[in-house]
Amino acid sequence: MAGVENGGPRQALQVLVPQGWAFFTKSPEGVTLVPYEKSPTGVWERADSLPQSNAANGFGLSRNQRAQSTELAIIAAAVPRFTACQDYLTACLDKSGGKVVTVTNETNTHHFCGSFRIVQQEPVKWAYRGSVPESVRVARYADVEVECPR
């Protein structure tokens, strides 16, 4: 490790582990797919058990929900067309549903079965959150009926 001795411990660590923390984690500011379902009272609620830090997930200790994002990505890949929205989350969830697409959940976990609105969303940058009405923006969504074979 020639030349590392002048750069200090940080440079030495970067030589040994060049990928940094981004290798292990996804950016919290990135675009994500989030499933929503209507409650019996007609209110849209998240259908997944994320974020990982929820009390229901043992504040991050449980790993049962780790397969949900992969399962959701597989379902979303089967959707032929999403509806553009380009608005805040509440406005996009309030839009009347378009054509419902039926998709078969071919995974073995079956976290998602039934009617959902899959939303491609992105958090508003932290610096602007005090200036906007909501902290989440939506790019597009799709209404799906997910069938789970037994």
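Notes on the structure in this doc start here. (Residues numbered from 1 in each chain as written. Predicted model: local features only at pLDDT ≥ 70, side-chain atom pairs only at ≥ 80, totals over all residues. Heavy atoms only, no water.)

### Quick notes on the overall build of the chain
Moving on, step 1. If you tally the helices and strands in the chain, you get three helices and six strands.
Moving on, step 2. Ordered by position from the N terminus, the helices and strands of the chain form the series α-β-β-α-β-α-β-β-β.
Moving on, step 3. Taken across its 150 residues, the chain has 31% of its residues classed as buried.
Moving on, step 4. Expressed as a percentage of contacts within the chain between residues at least 6 apart in sequence, the contacts between residues at least 24 apart total 67%.
Moving on, step 5. Working note: accessible area of the chain is about 10000 Å², and carbon and sulfur atoms make up 54% of it. (Helix = DSSP H or I, 4+ residues; strand = E, 2+ residues; numbered from the N terminus. Buried < 20%, exposed > 50% of the residue type's maximum accessible area, 1.4 Å probe, protein only. Contact = heavy atoms within 4.5 Å. Areas by Shrake-Rupley, 256 points an atom, 1.4 Å probe, with all protein chains shown as cover.)

### Some remarks on the state of the cysteines
Here a disulfide denotes one covalent bond, and it connects the sulfur atoms of two cysteines.
Moving on, step 1. Under the counting rule described, the total for this entry stands at two disulfides.
Moving on, step 2. Sequence-ordered numbering of the bonded cysteines in the chain gives a disulfide pattern of 1-2, 3-4. (Disulfide = S-S within 2.5 Å.)

### Concerning the environment of V124
Moving on, step 1. Note that V124 resides in the loop between β5 (114–123) and β6 (136–147).
Moving on, step 2. With a relative accessible area of 10%, V124 lands in the buried category.
Moving on, step 3. Residues V124 and Y88 lie 36 residues apart in sequence; the distance between their C-alpha atoms is 9.4 Å.
Moving on, step 4. Ignoring any residue separated from it by four or fewer positions in sequence, one finds V124 in contact with Y88, R129, V132, E134, S135, V136 and R137.

### Thoughts on the side chain of R117
Moving on, step 1. One can find R117 in strand β5.
Moving on, step 2. What makes R117 buried here is its relative accessible area of 2%.
Moving on, step 3. A polar atom in the side chain of R117 sits 2.8 Å from the backbone oxygen of C92.
Moving on, step 4. Here D143 takes part through its side chain, which lies 2.6 Å from a polar atom of the side chain of R117.
Moving on, step 5. Excluding anything up to four places from it in sequence, R117 contacts V34, P35, Y36, W44, C92, L93, K95, S96, G97, Y141, A142 and D143. (Polar contact = N/O pair within 3.5 Å; in protein donor to acceptor, adjacent residues only side chain to side chain.)

### Examining the packing of aromatic side chains
Moving on, step 1. Per the counting criterion, the structure on display carries one aromatic pair.
Moving on, step 2. Between F112 and F116 the ring centres are 5.8 Å apart and the planes differ by 90°, which places this aromatic pair in the edge-to-face class.
Moving on, step 3. What makes F112 buried here is its relative accessible area of 1%.
Moving on, step 4. In this arrangement the basic side chain of R137 is found over the ring face of Y88, its NZ or CZ atom lying 4.6 Å from the centre.
Moving on, step 5. Its guanidinium or amino end placed over the ring of F82, R140 lies 4.2 Å from that ring's centre, counting from NZ or CZ. (Phe/Tyr/Trp six-rings, centres within 6.5 Å; stacked < 30°, edge-to-face > 60°. Lys NZ or Arg CZ within 6 Å of the ring centre and 35° of its normal.)

### Regarding the pattern of salt bridges
Moving on, step 1. Across all of its chains, the model carries three salt bridges by this definition.
Moving on, step 2. Linking D48 and R46 is a salt bridge whose minimum nitrogen-to-oxygen distance equals 2.8 Å.
Moving on, step 3. Taking relative accessible area as the criterion, D48 reaches 13% and is therefore assigned buried.
Moving on, step 4. Owing to a relative accessible area of 38%, R46 belongs among the partly exposed residues under this scheme.
Moving on, step 5. As a salt-bridge pair, K125 and E122 come within 3.9 Å of each other at their nearest N and O atoms.
Moving on, step 6. You can call K125 partly exposed: its relative accessible area is 38%.
Moving on, step 7. Taking the relative accessible area as the measure of exposure, E122 reaches 31% and is therefore partly exposed. (Salt bridge = Lys/Arg side-chain N within 4 Å of Asp/Glu carboxyl O.)

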